[in-house]
Amino acid sequence: MGNSKKIVPVKATAPGSLQNELTLRGVPASPGIAIGPAHLFTRDYLKVEPRVLSGKQIAREIEHFQAALEETRQDILKTKSKAVKQTGDIVARLFDSHLLILDDVTLIEETLERVKEEKVSADWIVHDVMQRSYRSLKAQKGEYFSQRADDIRDVARRLVFNLQGVKDEYLSDLEKPVVLIAPDLSPSDIIHLDRSHVLGIATNLGGATSHTAILTRSLEVPAVTGLKNLTELICPGQEVIVNGNSGKVILHPSAERLTEYRDKRKKFISFWTRLKQLRELPTQTTDGRRMRLLANIELPIESASVLTHGGEGIGLFRTEYLYLTRGTLPTESEQINEYRNVVESLHPHPVVIRTFDLGGDKVTPSLDFPKEANPFLGWRAIRICLDLEEMFRAQFSAILQVSQKRDVRILLPLISSVTEVRRAKQILKEVMADLKARKIPFNPNIPLGIMIEVPSAVMMAKELARECDFFSVGTNDLVQYTLAVDRGNENVTHLFTPFHPAILRMIKSTVRAAHDRGIPVAVCGELAGDPLATLLLVGLEVDELSMAPLILPEIKKIIRSTTFETAHKVAQQAFRYSTAEEVEDYLIHTMKKIFADLPVWFTREKEDA
């Protein structure tokens, strides 16, 4: 599967091959297939040494630091402007976080004070201050902290280079089409790419939701990240294959393998072109059953790709980034601005805003998180919100203030009891009363939904359905809590599967309870975006599917290519099996039989080629 990172040697089949074919598995970050010569892009480490200043030099060093701050600010603004032209305004807003880092009061004041007191050069102090912040964030668990740390590293590099009068190296002058290989790439690196000469990207580090991955997808460059020691195995100029669909990178490919993947690439481009033509068409089966396809987003910058890929709104807007990409709690007005940007860009389509799902692996220094032996079973999500009531009220107020004449909905995470829903509803009611008293307009009938992601919520679905307006099934946590499997633990990753019969029965039970009360059900976990599960979910009468924007056209293609009757029969048959392996085998066989014209990677095999 795509999350595995083992290096699997494969014996070359080409006669006279100098080296064995080598297959590496990483994280698929951007779809597509790239074939070409490798271009190794590695930077030297920053060369920073303390330079002692005389008393007369201190004032000049402070002026030099302030000038470098402004020069770096202009560099970032130019990069943002370039991003606007390449990817649009929403994606370019990513660089606003770089500006915030540069304007951080702690950085500026500490640098100025230490230049005066320690009498050493500003580049040394800036490097020291920002390295401390970088290491602190990298030590935290979770993708959010990792992204923030990478942004700090990017800004630090720019600022130190400007202090030293050194020109940074970018990838804008490539002479021929290449597959770019690097330890890691910053957002600035991606924006400065010579797109006409970059066929694909493969990196040692990074994940599917990193800022770099988001930008790469916006430029539609095939990419695989998280390959660990790729740069140690690559030889510049050697032919390499990057499969952004499966997360594979193949080094020293045989002649047969190259022929195979050139054919795959041709089919992929043709297939993807046809998928894009579905963007404006409704999501419905050939016998007329309508479904709604929505998108999950991590950051406001991703909302641009929702409509371009045929999404009908946002089914899950994860708002944790407001906390996790900054060092302080966001104000109510800051939240209003962020939510409004997303809501206005999607109008008249719905936007489901999930309240803060903090805790677990998503912790922030701005909140005093306790040390817990089992953080995923501890203080997180709705439990934090109900305990930190003022924070909860501020978020409710911000969401309500962008709901006037707009289709905005509220989603509560990790609900395990009716009591939690009732407490949240009472707080929401009080916030509404306050806004009404202040004559601030809002939608008094804003829909309130809950996430079904723990077994107790499934068991109490009938009662919970009386308390809310919709359900959204979060299959990632539902699998984790039902099967008692930590998906981040490599020792038990193979046990983490949403195709386990117990999970399928829970989804079926949830749908029945919701429909009995006349409320809709969405699935917003990874299962919603897995083509192998589409017929199954349609057959279970799920009303909405919400997934990463890039996956939307693939799922729409499947739904528009079959009947509801067929999907219903597939779901019925799947429930006759007693193991996840049997369910998967049946679905793979069925998909290949029904969709014989689809590429192999699309319908999925046990061992993707």
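What comes next is a walk through the structure.

Conventions adopted
Residues numbered from 1 in each chain as written. Predicted model: local features only at pLDDT ≥ 70, side-chain atom pairs only at ≥ 80, totals over all residues. Heavy atoms only, no water. Helix = DSSP H or I, 4+ residues; strand = E, 2+ residues; numbered from the N terminus. Buried < 20%, exposed > 50% of the residue type's maximum accessible area, 1.4 Å probe, protein only. Contact = heavy atoms within 4.5 Å. Areas by Shrake-Rupley, 256 points an atom, 1.4 Å probe, with all protein chains shown as cover. Axes fitted to C-alpha atoms, helices over the stretch in contact; angles between N-to-C directions. Parallel < 35°, antiparallel > 145°, perpendicular 65-115°, else oblique. Left-handed = near helix turned anticlockwise from the far one by under 90°. Nonpolar A, V, L, I, M, F, W, Y, C, P; charged D, E, K, R; others polar. Salt bridge = Lys/Arg side-chain N within 4 Å of Asp/Glu carboxyl O. Polar contact = N/O pair within 3.5 Å; in protein donor to acceptor, adjacent residues only side chain to side chain.

## Some remarks on the overall build of the chain
Okay, so step 1: Summing up its helical and strand segments, the chain has 25 helices and 17 strands in all.
Okay, so step 2: Out of the 609 residues in the chain, the part that is buried amounts to 56%.
Okay, so step 3: Summarising the internal contacts of the chain: among those between residues at least 6 apart in sequence, 67% fall at separations of at least 24.
Okay, so step 4: For the chain, the accessible surface area stands at approximately 26700 Å², while carbon and sulfur atoms represent 51% of it.

## A look at the environment of Ile 250
Okay, so step 1: With respect to the secondary-structure elements, Ile 250 resides in strand 9 (residues 248–251).
Okay, so step 2: Along the backbone, Ile 250 and Arg 25 are 225 residues apart, and their C-alpha atoms lie at a distance of 8.8 Å.
Okay, so step 3: In contact with Ile 250, other than residues within four places in its own chain, are Glu 21, Leu 22, Thr 23, Glu 239, Val 240, Ile 241, Arg 257 and Tyr 261.

## As for the packing of helix 19 (residues 475–483) against helix 20 (residues 501–516)
Okay, so step 1: Interaxial distance between helix 19 and helix 20 falls to 10 Å at its minimum, and their mutual angle equals 125 degrees. For the element pair helix 19 / helix 20, the angle class is oblique. With respect to the hand of their crossing, helix 19 and helix 20 are arranged in right-handed fashion. Residue-level contacts link Thr 475, Leu 478, Val 479, Thr 482 and Leu 483 of helix 19 to Ala 502, Ile 503, Met 506 and Ile 507 of helix 20.
Okay, so step 2: Tallied by class, residues from the contact of helix 19 with helix 20 come to 7 nonpolar, 2 polar and no charged.

## Structural notes on the pattern of salt bridges
Okay, so step 1: One pass over the full model with this rule turns up 29 salt bridges.
Okay, so step 2: Notably, a salt bridge pairs Asp 96 with Lys 80, separated by 2.7 Å at the nearest N-O pair. With a gap of 16 residues between them, Asp 96 in helix 3 (residues 96–102) and Lys 80 in helix 1 (residues 55–87) connect regions that are remote in the sequence.
Okay, so step 3: Classification of Asp 96 as partly exposed rests on a relative accessible area of 28%.
Okay, so step 4: Here Asp 128 ties to Arg 132 by a salt bridge, and the two come within 3.6 Å at their closest N and O atoms. One end of the pair, Asp 128, and the other, Arg 132, are both in helix 5 (residues 122–138), 4 residues apart, so they sit about a helical turn from each other.
Okay, so step 5: Bridged by salt links that share partners, the residues Glu 110, Arg 114, Glu 118, Asp 128 and Arg 132 form one connected network.

## A few points about unusual backbone geometry
Okay, so step 1: Backbone torsion omega between His 347 and Pro 348 reads 10 degrees, so that peptide bond is classified as cis.
Okay, so step 2: Within the secondary structure layout, Pro 348 lies in the loop between helix 13 (332–346) and strand 12 (351–354).
Okay, so step 3: Even without glycine at this site, Lys 439 takes up a positive phi of about 60 degrees.
Okay, so step 4: Along the chain, Lys 439 turns up in the loop between helix 16 (418–437) and strand 14 (448–452).
Okay, so step 5: Judged by relative accessible area, Lys 439 falls into the exposed class, the value being 73%.

## Here we look at the side chain of Thr 319
Okay, so step 1: Locating Thr 319 in the fold gives a position in the loop between strand 11 (314–318) and helix 12 (321–324).
Okay, so step 2: Owing to a relative accessible area of 0%, Thr 319 belongs among the buried residues under this scheme.
Okay, so step 3: A distance of 2.8 Å separates a polar side-chain atom of Thr 319 from the backbone oxygen of Arg 354.
Okay, so step 4: Apart from the residues within four sequence positions on either side, Thr 319 is in contact with Tyr 339, Ile 353, Arg 354, Thr 355, Phe 356 and Gln 395.

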